[in-house]
Amino acid sequence: GAVVSQHPSRVICKSGTSVKIECRSLDFQATTMFWYRQFPKKSLMLMATSNEGSKATYEQGVEKDKFLINHASLTLSTLTVTSAHPEDSSFYICSAIRGQGLYGYTFGSGTRLTVV
Amino acid sequence: TQLLEQSPQFLSIQEGENLTVYCNSSSVFSSLQWYRQEPGEGPVLLVTVVTGGEVKKLKRLTFQFGDARKDSSLHITAAQPGDTGLYLCAGPQIGSSNTGKLIFGQGTTLQVKP
């Protein structure tokens, strides 16, 4: 089955530093990858849609300069949280699809970011 | 605007009880998906329902898609502690761009006590 690997699973960083999170589709080429943020016991909140070779499309209210997304290949997308603040602490999850998702959506295992 | 209203949002039951989670919308969806998520992990797809009126079973879990494809339900029979988790319904966003985005319900946190 389709597997999406997300790394790191946990990261602690100091305020003001940047953190990069990787999302890789291991056994398929992902046309599109999505980045979500999730607060405790809440649903997933879509941050941006990432297509290989083009700029990411950000949801309303998401700062594109703060959450940099790069989708350099059909198997890798990265989310960089720049100049992190404690309020950026959250659970970040990526998902990947082929085509328009008719074959299903596969999620990464998430990254717990803590900014101290 | 497409919305998925999921209920209840929290459910705490004893082992062996039955439960039903609902996912409702005023919009028609081409399909609906159900996910289960455990703490510290990403959501895992349980099932996709595509045809109006469709019923799918996964062991003790029964999923139903409404005839009009505007709602779905998840019924768990004889719940076990291993069923504990966050259950999410989701459906593809319909739009001119057809981006493949998913619309998520608010989620149902289920706790099954031994």
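For the structure given in this document, a descriptive report is provided here. (Residues numbered from 1 in each chain as written. Chains lettered and ligands numbered in written order. Predicted model: local features only at pLDDT ≥ 70, side-chain atom pairs only at ≥ 80, totals over all residues. Heavy atoms only, no water.)

Notes on the interface of chain A and chain B
Part 1: Facing the 18 residues of chain A at the interface are 20 residues of chain B.
Part 2: Summing the contributions of chain A and of chain B, the shared interface buries around 1500 Å²; its carbon and sulfur component is 56%.
Part 3: Note that B:Lys101 is salt-bridged to A:Glu59, the shortest N-O span being 2.6 Å.
Part 4: Those elements giving two or more residues to the side of chain A that touches chain B turn out to be strand 4 (32-38), strand 5 (44-51) and strand 9 (90-97) of chain A. (Contact = heavy atoms within 4.5 Å. Buried area = accessible area lost by both parts, 1.4 Å probe. Salt bridge = Lys/Arg side-chain N within 4 Å of Asp/Glu carboxyl O. Helix = DSSP H or I, 4+ residues; strand = E, 2+ residues; numbered from the N terminus.)

Comments concerning the environment of A:Ala84
All names here are of chain A.
Part 1: With respect to the element layout, alanine 84 can be found in the loop between strand 8 (76-81) and strand 9.
Part 2: Residue alanine 84 is classed as buried on the basis of its relative accessible area, which comes to 0%.
Part 3: With 30 residues separating them in the primary sequence, alanine 84 and serine 54 have C-alpha atoms 25 Å apart.
Part 4: Setting aside residues no more than four positions away along its own chain, alanine 84 makes contact with Cys13, Lys14, Ser15, Gly16, Thr17, Lys66 and Val115. (Buried < 20%, exposed > 50% of the residue type's maximum accessible area, 1.4 Å probe, protein only.)

Some points on the sheet that holds strand 7 (residues 67-73) of chain A
The strands that make up a sheet pair up through hydrogen bonds in the backbone, lying either parallel or antiparallel.
Residues and elements named next belong to chain A.
Part 1: Pairing is antiparallel across the open sheet formed by four strands, whose spatial order is 1-3-8-7. Each end of this open sheet is capped by a strand with a single partner; those strands are strand 1 (4-7) and strand 7. Adjacent strand axes in the sheet meet at a mean angle of 15°, parallel and antiparallel pairs treated alike.
Part 2: Direction of pairing for strand 1 relative to strand 3 (residues 19-25): antiparallel, over a ladder of four bridges. (Pairing = 2+ DSSP bridges. Axes fitted to C-alpha atoms, helices over the stretch in contact; angles between N-to-C directions.)

Section: the packing of aromatic side chains
Part 1: By the definition in use, this model includes eight aromatic pairs over all chains.
Part 2: Between A:Phe67 and A:Tyr92, the ring centres sit 6.3 Å apart and the planes meet at 45°, which makes this aromatic pair tilted. Here A:Phe67 is found in strand 7, whereas its partner A:Tyr92 is found in strand 9, with 25 residues between them in sequence. Each member of the pair A:Phe67 and A:Tyr92 is classed as buried.
Part 3: Taken together, a centroid distance of 5.2 Å and an interplanar angle of 85° make the contact between A:Phe107 and B:Tyr35 edge-to-face. A residue pair is termed interchain when its members come from two chains, as with A:Phe107 in strand 10 (residues 106-107) and B:Tyr35 in strand 4 (residues 32-37). This pair shows no difference in class: A:Phe107 is buried, exactly as B:Tyr35 is.
Part 4: Through a chain of ring-to-ring contacts, the aromatic side chains of A:Tyr36, A:Phe107, B:Tyr35 and B:Phe104 assemble into a single cluster. (Phe/Tyr/Trp six-rings, centres within 6.5 Å; stacked < 30°, edge-to-face > 60°.)

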